[in-house]
Amino acid sequence: MNSLVQVPAVIGGSLVLTFVAGRVTDLLLRRAGARHPETPLWNMLRRCRSSVRLLLFAAVLRAVYRQIAWEPLQEHEAAVGEVLTLVLIGAGAWCVVLVTSAVVESSYARYALGTRDPSRVRRVRTQVTLIMRIVTAVVAVVAAAAMLLTFPGLRAVGTSLLASAGIIGIVAGVAAQSTLGNLFAGFQIAFGDMVRIGDTVVVAGEWGVVEEITLTFLAVRTWDERRITMPVSYFTGRPFENWSRGGIQMTGTVFLHCDHTTPVALMREKLREILEGCEAWDGRGWDLAVTDTTPSSIVVRAIVTAKDADDLWTARCAVREQLVAWLAEKHPYALPRVSTSAAAVPSQYADGVSKRAPGSDA
């Protein structure tokens, strides 16, 4: 066969073989998914078809390219083989990562469907996320090392590096002390159940929800859609509030400053009425009491409960808004004010005050 014909024939045959193998694999995965709809593993494995096709294509070309009697190819046979080997290693690493991701994600999906405790689901989700990042990093490092070892010139470099691994390890440990600290802190967070993806936390005076956890940093999404990124070592070395730990139900307070003449009993009845019409209130408890007083006002504290932090915020805002509106409409005298005139004296004391006033001036 003419050498110019062999090149497209081999490449075309490899493409056809790869396409047929990919279609057969995809068909088998579809049938497996139809037979077992309770698990999403088979449908998730279909996402690996691109990497599998690339792997098969590189493997077939790597096996038959020496049979092509094309002079330019034979002159650069070693270089072509090296390139195909690198592609084969890269495609294999890509395939391993995708398959592992499919297996881990399907396991998490089945666990989430069978578990009603949201805190356990968030904990497993955090662990799964970090495990996949670790697997990806390990596979990438192994693939990069395998690629480097395919070059004969780098083998000597690798041998010399291994000989001085002790010194390099000490220097690297000192230089990367902060990075290693964050790395171990990431493991501690993942498997120590300190904070999980989806937890409501208060860090550095900011309230938000944990959106992402990696081996080195953690991202918190605040209520106004900002993202606070901080090293994971922050959560292992400093105190922080985790409102989702130990149950997501919460109790909150609403403080109002009112006048001394405020009808507290009527205000308490109005609070009960407001909470009965508030969907965010979970019905576990409520209260209203005067907790402090000043020369010009009193401090009224209302306590409300909710099933989570979001509903608690909604209930507190509703109570604050409706109580102030009720006071302004029904009892405007109960709102705090600044006195600019003398207090009114009751009539039964008017004579006594008028008689004492001249003497007090004297």
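An unreviewed UniProt entry annotates the protein chain as Mechanosensitive ion channel protein originating from Streptomyces nojiriensis. If you open the UniProt record of the protein chain and go to Subcellular location (unreviewed entry), you find "Membrane".

### A closer look at the side chain of Thr262
By secondary structure assignment, the location of Thr262 is in the loop between β6 (250–258) and α11 (264–276). Those residues in contact with Thr262 that sit more than four places away from it in its chain are Met267, Ile298 and Ala334.

### Describing the sheet that holds strand β4 (residues 227–231)
Sheet architecture is open: five strands sit in the order β4-β3-β2-β1-β5, paired in antiparallel fashion. The sheet terminates laterally at β4 and β5 (241–242), the two strands that pair on one side only. Two strands pair when backbone bridges link them, and strand β1 (residues 200–203) and β5 are joined in this way by two bridges, in the antiparallel orientation. Paired with Val202 across the bridge in β5 is Glu241.

### Details of the environment of Gly198
Considering the arrangement of structural elements, one finds Gly198 in the loop between α9 (177–192) and β1. Its relative accessible area of 28% is what places Gly198 among the partly exposed residues. Considered as a pair, Gly198 and Arg122 are 76 residues apart in the sequence and their alpha carbons are 6.4 Å apart. Setting aside chain neighbours within four positions, we find Gly198 in contact with Arg122, Val209, Val210 and Ser244.

### Focus: the nonpolar core
By size, the foremost hydrophobic cluster in this structure holds 27 residues, and its most contacted members are Cys258, Met267, Leu288 and Val319. Those elements that place two or more of their residues in this core are β6, α11, β8 (298–306) and α12 (309–330). Element by element, the count of residues in this core is highest for α12, at eight residues. Those residues within four positions of Met267 in sequence are excluded, and the remaining contacts are Leu256, Cys258, Thr262, Leu288, Val300, Leu323, Trp326 and Leu327. With 15 residues, the next largest nonpolar core counts Leu130, Leu218, Ile228 and Phe235 among its residues.

### Section: the confidence of the model for the protein chain
Overall, the prediction assigns the protein chain a mean pLDDT of 76, with 72% of residues at 70 or greater. Here residues 170–177 scores under 50 on pLDDT; set against residues more than four positions off or in separate chains, the count is one contact. Across residues 353–362, confidence stays below pLDDT 50; counting only partners more than four residues off in sequence or on other chains, it has one contact.

### Structural notes on the pattern of salt bridges
Pairing is possible between side chains of opposite charge, provided their charged atoms come close. For the coordinates displayed, the defined rule picks out 11 salt bridges. Linking Asp199 and Arg196 is a salt bridge whose minimum nitrogen-to-oxygen distance equals 3.2 Å. Each member of the pair, Asp199 as well as Arg196, is classed as buried. For Arg226, the salt bridge goes to Glu206, with nearest N and O atoms at 3.0 Å. Of this pair, Arg226 sits in the loop between β3 (217–222) and β4 while Glu206 sits in strand β2 (residues 206–213), placing them 20 residues apart in sequence. According to the relative accessible area criterion, Glu206 is partly exposed, its value standing at 25%. What you see here is one network of salt bridges that share partners, running through Glu211, Arg221, Glu225 and Arg227.

### Considering the pairing of β3
Two faces make up the sheet, and in a regular strand the side chains alternate between them. Bridging between β2 and β3 involves five bridges; their strand directions are antiparallel. Note on β3: the bridge partner recorded for Gly208 is Thr222. One ladder, built from five bridges, connects β3 with β4; its direction is antiparallel. Bridge pairing links Arg221 to Arg227 in β4. Hairpin connection from β3 to β4: four residues lie between these consecutive antiparallel strands, with Glu225 at a positive phi of about 70°.

Each value, and the rule that gives it
- Residues numbered from 1 in each chain as written.
- Predicted model: local features only at pLDDT ≥ 70, side-chain atom pairs only at ≥ 80, totals over all residues.
- Heavy atoms only, no water.
- UniProt positions renumbered as here; feature names shortened; annotations may be inferred.
- Helix = DSSP H or I, 4+ residues; strand = E, 2+ residues; numbered from the N terminus.
- Contact = heavy atoms within 4.5 Å.
- Pairing = 2+ DSSP bridges.
- Buried < 20%, exposed > 50% of the residue type's maximum accessible area, 1.4 Å probe, protein only.
- Core = buried A, V, L, I, M, F, W, Y, C linked by side-chain atoms within 4.5 Å.
- pLDDT = per-residue confidence, 0-100.
- Salt bridge = Lys/Arg side-chain N within 4 Å of Asp/Glu carboxyl O.

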